Amino acid sequence: MSEPVSERMECMEVWGGNRAVDRRFETPGFNIWVRSRPYGQALGGGDVYYLSSCASGRITRMLLADISGHGALVAQLAVNLRDLMRRNVNYIRQTRFVRAMNQQFGDLSEQDSFATALVATFFAPTRSLTLCNAGHPAPLVFRRNASQWKELANEAGSARGLTDLPLGVASQTNYGQLKVNLESGDLVLCFSDAVTESQGSDGRQLGQEGVLQIVRELNIARPADVIPALIERIESLSADNLMLDDATFLLCEATGGGPTLKESLLAPFRLFGPVSDRTQLA
């Protein structure tokens, strides 16, 4: 299998967009693979993905959103999400970020726009990953010590009112958080609903359980092979799988590392500089 383009995320940088991509990134404590393919070979699609790294490199944030519709509206929303990533690049807490996203989509309610979204923040010093899920397919986690995949789902049962709805559905939605600690070699796999809505050999949608079963059968000796192997397996089940919608995969590997002393010392100076921006939008 061919290797994706690989590069290191710089501090105070935001990267992402809504175009086709196959890349690998390295941040302190994390390796990240992103693969996205818009529907119908379009230049850009409704799946939007972003990565950001804070001034010291300690905070890595990831966003995967599936926006309803295509075209100019999706492109503008992708720009808005990019700007939110920039404004929140140095904050560990992500609840304000998710609330702001929900407000963005609420302001566009006249166009009946909504999106499912998954936001994850990795804090390298404690190797902790915090997730907010707005109606998106739940990510899967692989524990290297237990050699087992399982689903990561928000525990928002104690929250009052509406919880974890897609963005733009209700302005008063509450969003729960799930926090997990990762050991070196642990993996977290995120994907858009083109994956869960793919058909199995029996003609039924795979759903979360079906995807989990397939992932458990994959050889994960090399994390770089997980996404290509998963795509190959799903496409073998039906000719239409992953072809009728935008399809995006995001895989993270905890490496146990952290920011360098140089990155930590330079952080206060970077706070007063601009956020580096590498976006690819249709």
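Here is what the cut-offs are and how they apply
- Residues numbered from 1 in each chain as written.
- Predicted model: local features only at pLDDT ≥ 70, side-chain atom pairs only at ≥ 80, totals over all residues.
- Heavy atoms only, no water.
- Buried < 20%, exposed > 50% of the residue type's maximum accessible area, 1.4 Å probe, protein only.
- Helix = DSSP H or I, 4+ residues; strand = E, 2+ residues; numbered from the N terminus.
- Pairing = 2+ DSSP bridges.
- Contact = heavy atoms within 4.5 Å.
- 1 Å grid on protein atoms, 1.4 Å probe; cavity = no way out; pocket = protein on both sides within 12 Å on 5 of 7 lines; lining within 4 Å.
- Points joined across faces, edges and corners; volume = space filled by probe spheres on them.
- Nonpolar A, V, L, I, M, F, W, Y, C, P; charged D, E, K, R; others polar.
- Phe/Tyr/Trp six-rings, centres within 6.5 Å; stacked < 30°, edge-to-face > 60°.
- Salt bridge = Lys/Arg side-chain N within 4 Å of Asp/Glu carboxyl O.
- Axes fitted to C-alpha atoms, helices over the stretch in contact; angles between N-to-C directions.

1. Observations concerning the pairing of strand β12 (residues 187-191)
Stage number 1. Burial analysis of β12 places five of its five residues in the buried class, which makes it a mostly covered element.
Stage number 2. Where burial is concerned, the two faces of β12 agree: the one with L187, L189 and F191 and the one with V188 and C190 are both buried.
Stage number 3. Bridge analysis of strand β9 (residues 140-143) against β12 gives three bridges, and the strand direction is antiparallel. Each bridged residue has a counterpart across the sheet, and for L140 the counterpart in β12 is L189.

2. Structural notes on helix α4 (residues 207-216)
Stage number 1. When α4 is considered as a whole, its buried residues turn out to be G210, V211, L212, I214 and V215.
Stage number 2. Those residues of α4 hidden inside the fold are in contact with β9, β10 (148-151), β12, α3 (193-196) and α5 (226-237).

3. Some words on empty space enclosed by the protein
Stage number 1. Within this structure, the stated rule accounts for one cavity of 30 Å³ or more.
Stage number 2. Of the pockets and cavities examined, the largest cavity occupies roughly 40 Å³.
Stage number 3. In terms of lining residues, the largest cavity is bounded by M62, L63, L64, L118, A120, C190 and L250.
Stage number 4. Secondary-structure elements contributing two or more residues to the lining of the largest cavity are β6 (59-67) and β7 (115-123).
Stage number 5. Here the lining of the largest cavity takes three residues from β6, the largest share from any one element.
Stage number 6. Class assignment for the residues of the lining of the largest cavity results in seven nonpolar, no polar and no charged.

4. A look at the packing of aromatic side chains
Stage number 1. Evaluated as defined, the whole model comprises four aromatic pairs.
Stage number 2. Ring centres of W15 and Y49 lie 5.5 Å apart, and the angle between their planes is 35 degrees; this geometry places the pair in the tilted category. Taken together, the residues W15 in strand β2 (residues 13-19) and Y49 in strand β5 (residues 44-53) connect sequence positions 34 residues apart.
Stage number 3. Take W15: its relative accessible area is 3%, and that puts it in the buried class.
Stage number 4. Under the relative-accessibility criterion, Y49 is labelled buried at 1%.
Stage number 5. Judged by centre distance (4.0 Å) and plane angle (5 degrees), the ring pair of F30 and F122 falls under stacked. You can see F30 sitting in strand β4 (residues 30-37) and its partner F122 sitting in strand β7, a full 92 residues away along the chain.
Stage number 6. Three or more aromatic residues joined by ring pairs form one cluster here, namely W15, F25 and Y49.

5. Digging into the pattern of salt bridges
Stage number 1. As enumerated under the stated definition, the model contains eight salt bridges in all.
Stage number 2. The salt bridge partner of D186 is R143, with a shortest N-O separation of 3.0 Å. Note that D186 is positioned in the loop between β11 (178-181) and β12 and R143 in strand β9, a separation of 43 residues in sequence.
Stage number 3. Salt bridges linked by common partners bring R82, D83 and D277 together as one network.

6. With respect to the sheet that holds β4
Stage number 1. Read from one edge of the open sheet, seven strands run β1-β3-β4-β13-β12-β9-β10, paired in mixed fashion. Where the open sheet ends on each side, the last strands, each with one partner, are β1 (5-8) and β10. The mean inter-strand angle of the sheet, taken between neighbouring strand axes irrespective of direction, is 20 degrees.
Stage number 2. As judged from the four bridges shared by β1 and strand β3 (residues 21-27), these two strands associate in the parallel manner. Residue pairing across strands places S6 opposite R24, the latter belonging to β3.
Stage number 3. Against the sheet, α4 contacts β9, β10 and β12, and its axis sits at roughly 165 degrees relative to β10.
Stage number 4. The sheet contacts of α5 involve β4, β12 and β13 (247-254), and relative to β13 the element is tilted by about 145 degrees.

7. Here we look at the sheet that holds β11
Stage number 1. Across the sheet, which stays open at both edges, the seven strands sit in the order β11-β8-β7-β6-β5-β2-β14 with mixed pairing between neighbours. Two strands bound the open sheet, and with one partner strand each, they are β11 and β14 (276-280). On average, each strand axis in the sheet is tilted by 15 degrees relative to the strand beside it, whichever way the strands run.
Stage number 2. Of the strand pairs in this sheet, β5 and β6 are connected by seven bridges, and their pairing is antiparallel. Bridge pairing links S53 to T60 in β6.
Stage number 3. In the packing of helix α2 (residues 95-106) onto the sheet, the strands contacted are β6, β7 and β8 (128-134), and the crossing angle to β7 comes to about 160 degrees.

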